[in-house]
Amino acid sequence: MAGKVQERKEKLRVTLIDVAQNQIVSGGLASLKARDIARQAECALGAIYNVFDDINALVMAVNGRTFHALGADVTAAVQQAQGQSPNAQLIAMSKAYLGFAVDNTHLWRALFDLDMSVESQVPDWYLAELGQLFAHIAVPLAQLFPDLPEAELDLMVRALFSSVHGIVLLGLQNRISAVPRDQIEMMIAQVLNQVG
């Protein structure tokens, strides 16, 4: 009996993640409404909270899928850029990051728009995915700056990530300080070519 209950709960969990993911894809994080999720998942509103503590926990589950997909794209870019200069490796990663953000804008935005800080209880898997992304960036940076202490290298990794992320975010939001979408890639490359 307990096995069947757990099986139903897991099936509902997957359904809720699917529904929430589809809502985010079509309307962004702000479009996510518990009543709509319950209706589309064909479950009671309270059933959502039997599976997830709150809507943020559901969004975190969607973000887990998104981070995994983003990580796969960046990893593929890293593998394709092996043997190239460290700057070329950084540019290859940034192209993969930009491409993912363009192709999956609402899901990508949900990674960063969810109300979460370092003081929040961030799941270990979330930190692991982010750590993997940072580890990819650290490899070419360590080649460019072999004598840099680990703490400073970590800070530089985060600075470069923040720079690329900011350019992509501003570009995709069409802010006045941004460049047209077709020039985002060139702008990122100009920044990354100055590293080292």
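Residues numbered from 1 in each chain as written. Predicted model: local features only at pLDDT ≥ 70, side-chain atom pairs only at ≥ 80, totals over all residues. Heavy atoms only, no water.

### Examining the pattern of salt bridges
For step 1, the next point in the chain: Counted according to the given criterion, the structure contains five salt bridges.
For step 2, the next point in the chain: Of the charged contacts, one joins E185 and K95 as a salt bridge, the two residues approaching to 3.8 Å between their closest N and O atoms. With E185 in helix α9 (residues 181–192) and K95 in helix α5 (residues 86–103), this pair connects stretches of sequence that are 90 residues apart. (Salt bridge = Lys/Arg side-chain N within 4 Å of Asp/Glu carboxyl O. Helix = DSSP H or I, 4+ residues; strand = E, 2+ residues; numbered from the N terminus.)

### Considerations on the nonpolar core
For step 1, the next point in the chain: With 59 residues, the main nonpolar core has L16 and V168 as its most contacted residues.
For step 2, the next point in the chain: The biggest single contributor to this core is helix α4 (residues 55–80), with ten residues.
For step 3, the next point in the chain: If sequence neighbours within four positions are ignored, L16 has contacts with I37, A41, C43, I48, V51, F52 and L58. (Core = buried A, V, L, I, M, F, W, Y, C linked by side-chain atoms within 4.5 Å. Buried < 20%, exposed > 50% of the residue type's maximum accessible area, 1.4 Å probe, protein only. Contact = heavy atoms within 4.5 Å.)

### What about the side chain of N87?
For step 1, the next point in the chain: The topology assignment puts N87 in helix α5.
For step 2, the next point in the chain: On the basis of relative accessible area, N87 is assigned to the buried category, the value being 14%.
For step 3, the next point in the chain: With residues near it in sequence (within four places) discarded, N87 still touches L144, L192, N193 and V195.

### Focus: the side chain of T66
For step 1, the next point in the chain: With respect to the element layout, T66 can be found in helix α4.
For step 2, the next point in the chain: For T66, a relative accessible area of 4% translates into the label buried.
For step 3, the next point in the chain: The contact partners of T66, leaving out residues within four places of it in the chain, are F100, L107, W108 and L111.

### Side note on the packing of α5 against helix α8 (residues 150–173)
Packed helices, taken two at a time, are described by the angle between their axes plus the distance between the axes.
For step 1, the next point in the chain: Where α5 meets α8, the axes come as close as 11 Å, and the angle between the chain directions of the two elements is 35°. In the crossing of α5 with α8, the sense of the turn from one axis to the other is right-handed. When α5 is examined against α8, the residues L90, S94, Y97, L98, A101 and V102 are found in contact with a partner set consisting of L160, F161, V164, H165, V168 and L172.
For step 2, the next point in the chain: Split by residue class, the contact of α5 with α8 holds ten nonpolar, two polar and no charged. (Axes fitted to C-alpha atoms, helices over the stretch in contact; angles between N-to-C directions. Left-handed = near helix turned anticlockwise from the far one by under 90°. Nonpolar A, V, L, I, M, F, W, Y, C, P; charged D, E, K, R; others polar.)

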